[in-house]
Amino acid sequence: MRRRLPSRLPTGRTIAEVRGVSLALGGTPILDGVSLSVRTGEVLALVGPNGAGKSTLLGVLSGDHAPDHGAVFLAGEPLNHWSPVETAMRRSVMLQQATISFPFTVADLVAMGRAPWYATTRADDDERAVQAAFETADITEFRHRVFSSLSGGERARVSLARALAQESQLLLLDEPTAALDLHHQEAVLQLARKSAAGDDAVVVVVHDLNLAAGYADRVAVLSHGKVVADGNPRKVLTAELLSEVYRHPVEVWPHPGSGAPVILPRR
Amino acid sequence: MSRLRSVGLIGFLTVALLVLVIVAAGLGQLRIPPAEIVGSLLHRIGLDLGPMPSHPQGDNALWKVRFPRVALAVLVGASLATAGALMQGVFGNPLAEPSVVGVSSGAAVGASLVIVTGVTYLGNWTIAVAAFITGLGTTLLVHSLSRASGRTEVVTLVLTGIAVNSLAFTLISFATFIANTSAREQLVFWQLGSLNGATWPAVTAVLPFTVAGLIASVVLARRLDLLSLGDRSAGHLGVDVERLRLTVIVVVALLVGASVAFSGIIGFVGLVVPHLIRMIAGPGHRLLLPASALGGAVLVIVADLLARTLIRNADLPIGMITSLVGAPFFFWLLRRTRTRQGGWG
């Protein structure tokens, strides 16, 4: 079957969408009637307490979980309209933890991100895309090392580099900053911003509300499987909402320089 | 692994294999010098070059006994090593191997039932087809029993292997029990693994299975690399994971079934060879699979040569020879994996 190559969407268009999605895993309801759209040129942060359904929602967007109810769309079509390879041309995913079965080198692993483009016209870009991903994820210096010899933060950057090398217009990042130091946390979200500036759509699950506030165009707050707020971080990340969702008193001030919300739990 | 080194490895293994084919065909009770073997081969394809075997029975011995045996060794070795590398890829575990997890003995169940009942309505292929079917069933069983979120832990894999092997050997014992004397003798020797019965019909029966399996393995190689990332990540890169797993399992059963049908259980080839190749060439399946096929052929030719020349006038079971090397190797791998994982609780 011929693979349908993607065409890039202009900025501000819906590239992925979930409508009325509900999902139970092992009998426990995780998502309850969630609707959310992801637009090109935008960094969308998914935040919320543990167990709120952030990663599961990302899994629904990526096609890992089929919802019990509701519909999922990618690039204007129902997700199952696309074959696995066609889906991979349109969205890339970086997962929280990675284990690799065999001692592949970092360079091998990043090059695997080019797999969807094998035997297409875009395979000519392989070398350039991999090289660019090395530089962007700041892993050039250990590209000849074996994955198992890397630290947690280094591993996360390799997974990120693989997702970048895939060069799909939608990038789904599941807690990309969890294992990273301050410098690399900032670097990853700057990178998300940069991708969005080039008309990519980035969905990122983060725990650090200040990262979400500082870098996201839009924040969706999840609680008990529902989206309780969705919009500009300055409007959404309020002390009242966050205190209720996280069940802990939270204070929010505008940053004196940028005006972005600064969020601190009351101690 | 650079392109140059990959070509070098394949080239080295190919040359080693060709040399061993000539050497192995010449050694035995009747010694035939390599030049005469090459001469005999060239004459057979119509080239009037080189000396013919000087012994009056030489040419006959070569074409009736030695060549089919060496050819079967090549096919069986390539099949088993490729099957091992494929299984390791699909189980995400370097210890997965047809004889360890019970696929070989599963295939042997089908083959021994055919031997005992004397069913032949698929002619030459009857034993191979029966071995393929029970081998496939066993692989599916092991795969579904031992897998958790796309990977198989060592302990689970080995314990599943023990259970499956003991069940299979119970069935083989039953087949041996109900067999008549001649079938029983055939069964016993065949269980130990032997290329003693190699004939041209056996070679032609195995050949299509091996060729199909090797071609499939090359086609699947790229996707097996991606599978090392885990099921989810492989899926994110466009791999239809379930379909890939099922395809690999069928190919493994094809390769193991054909080998077991004509040579019995030759253990550990699929463990030792891919492991050594990975140590030299790295884990990429595009090189690992063809190099393992060549390496497996080399190993089984050498093992068979030892089996029939170590003791004068005796044809030792080849399965005994490969296990003598393979079992300690397996143990060493197991110890090493255990140290790395910090114990198994």
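These numbers come from a predicted model, not from an experiment. (Residues numbered from 1 in each chain as written. Chains lettered and ligands numbered in written order. Predicted model: local features only at pLDDT ≥ 70, side-chain atom pairs only at ≥ 80, totals over all residues. Heavy atoms only, no water.)

**What about the pattern of salt bridges?**
Following the criterion strictly, the structure yields 22 salt bridges over all chains and no others. The closest approach of N and O atoms between Glu-42 of chain A and Arg-39 of chain A, which form a salt bridge, is 3.7 Å. Owing to a relative accessible area of 12%, Glu-42 of chain A belongs among the buried residues under this scheme. By relative accessible area, which is 28% here, Arg-39 of chain A ends up partly exposed. Where Arg-232 of chain B meets Asp-64 of chain A, a salt bridge forms, and the shortest distance between an N and an O atom there is 2.7 Å. In this pair, Arg-232 of chain B sits in helix 10 (residues 231-236) while Asp-64 of chain A sits in the loop between helix 1 (54-62) and strand 4 (69-74), so the two residues belong to two different chains. The exposure class of Arg-232 of chain B is partly exposed, given its relative accessible area of 40%. Exposure remark for Asp-64 of chain A: the relative accessible area of 27% places this residue in the partly exposed category. Within this structure, Arg-114, Arg-122, Asp-125, Asp-126, Arg-128 and Glu-167 of chain A form a network of salt bridges that share partners. (Salt bridge = Lys/Arg side-chain N within 4 Å of Asp/Glu carboxyl O. Buried < 20%, exposed > 50% of the residue type's maximum accessible area, 1.4 Å probe, protein only. Helix = DSSP H or I, 4+ residues; strand = E, 2+ residues; numbered from the N terminus.)

**Brief notes about the pairing of strand 1 (residues 14-25) of chain A**
Residue and element names in this part refer to chain A. In terms of strand pairing, strand 1 meets strand 2 (residues 28-39) through eight bridges, oriented antiparallel. Looking at the pairing, Ala-16 lines up with Val-38 of strand 2. Linking two consecutive strands that pair antiparallel, namely strand 1 and strand 2, is a turn of two residues; a positive phi of about 55° is found at Gly-26 within it. Examined bridge by bridge, strand 1 and strand 4 share five bridges and lie antiparallel to one another. Bridge pairing in strand 4 links Ala-16 to Leu-74. (Pairing = 2+ DSSP bridges.)

**Describing the packing of helix 5 (residues 103-117) of chain B against helix 7 (residues 154-178) of chain B**
Residues and elements named next belong to chain B. Orientation of helix 5 relative to helix 7, taken along the N-to-C sense of each, is 10°, at an axis distance of 9 Å. In terms of axis orientation, helix 5 runs roughly parallel to helix 7. Of helix 7, the residues touching helix 5 (which contributes Ser-105, Gly-106, Ala-108, Val-109, Ser-112, Leu-113 and Val-116) are Asn-165, Ala-168, Phe-169, Leu-171, Ile-172, Ala-175 and Ile-178. (Axes fitted to C-alpha atoms, helices over the stretch in contact; angles between N-to-C directions. Parallel < 35°, antiparallel > 145°, perpendicular 65-115°, else oblique. Contact = heavy atoms within 4.5 Å.)

**Section: the side chain of Ser-259 of chain B**
Residue and element names in this part refer to chain B. Looking at the element boundaries, Ser-259 is found in helix 11 (residues 241-263). By relative accessible area, Ser-259 is classed as buried at 1%. Polar contacts involving the side chain of Ser-259 include one to the main-chain carbonyl oxygen of Leu-255, which spans 2.8 Å. Once residues lying within four places of it in the same chain are set aside, the contact partners of Ser-259 are Val-76, Ser-79, Leu-80 and Gly-264. (Polar contact = N/O pair within 3.5 Å; in protein donor to acceptor, adjacent residues only side chain to side chain.)

**Digging into the UniProt feature "domain: ABC transporter" (unreviewed entry) in chain A**
What UniProt calls "domain: ABC transporter" (unreviewed entry) maps, in this numbering, to residues 16-249 of chain A. Annotated as residues 16-249 of chain A, this span is 35% helix and 26% strand, and its ends, taken at the C-alpha atoms, are 34 Å apart. (UniProt positions renumbered as here; feature names shortened; annotations may be inferred.)

**What to know about the interface of chain A and chain B**
With 22 residues of chain A at the interface, the matching set in chain B holds 22 residues. Taken together, both faces of the contact between chain A and chain B bury some 1,900 Å²; the carbon and sulfur share is 64%. On the chain A side of the interface with chain B, the three residues burying the most area are Ser-101, Phe-102 and Phe-104 of chain A, jointly 30% of the side's total. The interface formed by chain A and chain B contains one salt bridge. Our count for the chain A to chain B interface comes out at five residue pairs in polar contact (both at pLDDT 80 or more). Looking at the side of chain A that touches chain B, the elements with two or more residues in it are helix 2 (84-90) and strand 6 (91-94) of chain A. Top contributing element to the side of chain A that touches chain B by residue count: helix 2 of chain A, with three residues. Tallied by class, the residues present in the side of chain A that touches chain B amount to 14 nonpolar, five polar and three charged. (Buried area = accessible area lost by both parts, 1.4 Å probe. Nonpolar A, V, L, I, M, F, W, Y, C, P; charged D, E, K, R; others polar.)

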